[in-house]
Each structure stands twice: as C-alpha cells, then as structure tokens.
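Residues per chain, in single letters:
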Amino acid sequence: MTSRLNRLAVAVLATTLATLGVTVANPSPASAAMTICYNTSQAGSYAGMANQAASIWNNATVNLTLSANCGSNLRIYQITGGGSYAVRTSLGNGRVYIDTQQAAQYSPLRIMTHEIGHILGLPDNYNGNCSLLMSGGSAGTSCTNPYPSSAEANRVSNLFAGTFSATDRSADIFRDSWPSALTTVN
C-alpha cells in the first residue's frame, strides 16, 4: 500500500508541476528504483557503519536502494588524518573517506550517513542544527543523529525520481563539514 501511495504522490506532484509550467528533468516512472552498489572492501572497521548508513537511507527514501558489495558505484574508504569527506563523480557515484581520528570525536554513523548524503546529491548545511544530517560537524560532538530530515530524504527521493535536476558537475568534493581534530587550550 505504501508503494501505491508513493507512486500516487509522485504522480500528483508531477501533474501539479506540469500545471504550473515547471519542466521536469529526466522523468522516470515512480515505480522505477535505482540501485547504488557500494563497496566496503577498503572501509576497514567502518564496513558495518556503511551497512547501517545504507539501511538508514533505504528506509528514508524511495526511488533508490543502496546495496552492499554488488558493484562499485560508491566506494568507502577508512583513512587516518585529513578529515572525512566525499567525492561525488555523478549522482549516486563516488567515494567516501572516513577519518578514524574524526570518528573518534564525532559519531561515526552520523559521519558515514552524512558523507553518503553527498553522493546522493545533498550539499553541506553548516547551520549547527543537529536535526539536519547535512549540518555535519557544525552541530558539535554531542550530536549523534544519523537520520536525514524529511526534507533531506525527500530531496534525495526527488533527485532519483528525476523530479529535480541535480547540479551535474564532473566532480564535487565535499570537505570540511567535520572540523579538524579538537585541541585543548591551556
């Protein structure tokens, strides 16, 4: 029943946009879902976090499914130093780098879900609001929320439905959403 309601909602939205004269870029059937295959062979101890983050995105969105180790649309790496970041080569494709030093200070699941959000088309939002996943590290080390807001999830669903056009650049690099290692001042 949920699937039927989702298809109906997308159809109503498309009809409303067409009535208002809004052009829909690359429309696809509401029932079509894109599968993004992610590879955790280089994720080290963060492979489990990648699976949890994929589950979060799968439950929050429609029109896409993240599936483990079936290909390499998305590669996830564990690094030490330099900060966590994402490199999106196109919508649904790219690389995520999780810095062990930052993951020791910030919620590693929040970092993983946030960085995957970039691959799914979302930009950073440095407003410090913990309820927004894409606020990243600006929400502070006490923020552990790994869930996208309904607006963030809807944006991703619409991007993969073809309802919205993603700004398509050859490569987007998203750095600095997680402040560098904390230092103490004496």
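Heads up: the structure comes first, above all this text.
Residues numbered from 1 in each chain as written. Predicted model: local features only at pLDDT ≥ 70, side-chain atom pairs only at ≥ 80, totals over all residues. Heavy atoms only, no water.

On to the pairing of strand β4 (residues 85-90). Walk down a regular strand and you will see the side chains alternate between the two sheet faces. As judged from the 5 bridges shared by β4 and strand β5 (residues 93-99), these two strands associate in the antiparallel manner. In the sheet register, Ser90 faces β5, and the bridge partner there is Asn93. Hairpin connection, β4 to β5: the antiparallel pair is bridged by 2 residues, and Gly92 has positive phi, about 85 degrees. (Pairing = 2+ DSSP bridges. Helix = DSSP H or I, 4+ residues; strand = E, 2+ residues; numbered from the N terminus.)

This brings us to the packing of helix α2 (residues 47-60) against helix α4 (residues 108-119). Following both chains from N to C, one finds α2 and α4 inclined at 60 degrees, their axes separated by 9 Å at the closest point. If you check the angle between α2 and α4, you find them oblique. In this structure, the crossing between α2 and α4 has a hand that is right-handed. The residues of α4 that touch α2, namely those facing Met49, Ala50, Gln52, Ala53, Ile56 and Trp57, are Pro108, Leu109, Met112, Thr113, Ile116 and Gly117. (Axes fitted to C-alpha atoms, helices over the stretch in contact; angles between N-to-C directions. Parallel < 35°, antiparallel > 145°, perpendicular 65-115°, else oblique. Left-handed = near helix turned anticlockwise from the far one by under 90°. Contact = heavy atoms within 4.5 Å.)

The next thing to look at is helix α5 (residues 150-161). Here α5 is 12 residues long and its end C-alpha atoms lie 16 Å apart, about the 16 Å a rise of 1.5 Å per residue gives. Among all positions of α5, only Glu152, Ala153, Val156, Ser157, Asn158, Leu159, Phe160 and Ala161 are buried. At the exit of α5 stands Gly162, carrying a positive phi of roughly 80 degrees. (Expected span 1.5 Å × (residues − 1). Buried < 20%, exposed > 50% of the residue type's maximum accessible area, 1.4 Å probe, protein only.)

Topologically, Asn58 is positioned in helix α2. Along the backbone, Asn58 and Ala153 are 95 residues apart, and their C-alpha atoms lie at a distance of 9.8 Å. Every residue in contact with Asn58, bar those within four places of it in the chain, is listed here: Leu64, Thr65 and Leu66. Reaching out from Asn58, the side chain makes a polar contact with the backbone nitrogen of Leu66 at a distance of 2.7 Å. (Polar contact = N/O pair within 3.5 Å; in protein donor to acceptor, adjacent residues only side chain to side chain.)

Scanning the entire structure with this criterion turns up 2 disulfides. Between the sulfur atoms of Cys130 and its disulfide mate Cys143 the distance is 2.0 Å. A torsion of 85 degrees about the S-S bond marks the disulfide between Cys130 and Cys143 as right-handed. With Cys130 in the loop between α4 and α5 and Cys143 in the loop between α4 and α5, the pair connects residues that are 13 residues apart, well separated along the chain. A residue is classified by how much of its surface remains accessible, and Cys143, at 3% relative accessible area, is buried. (Disulfide = S-S within 2.5 Å.)

Take it as geometry only, folks, not as evidence of what the structure does.
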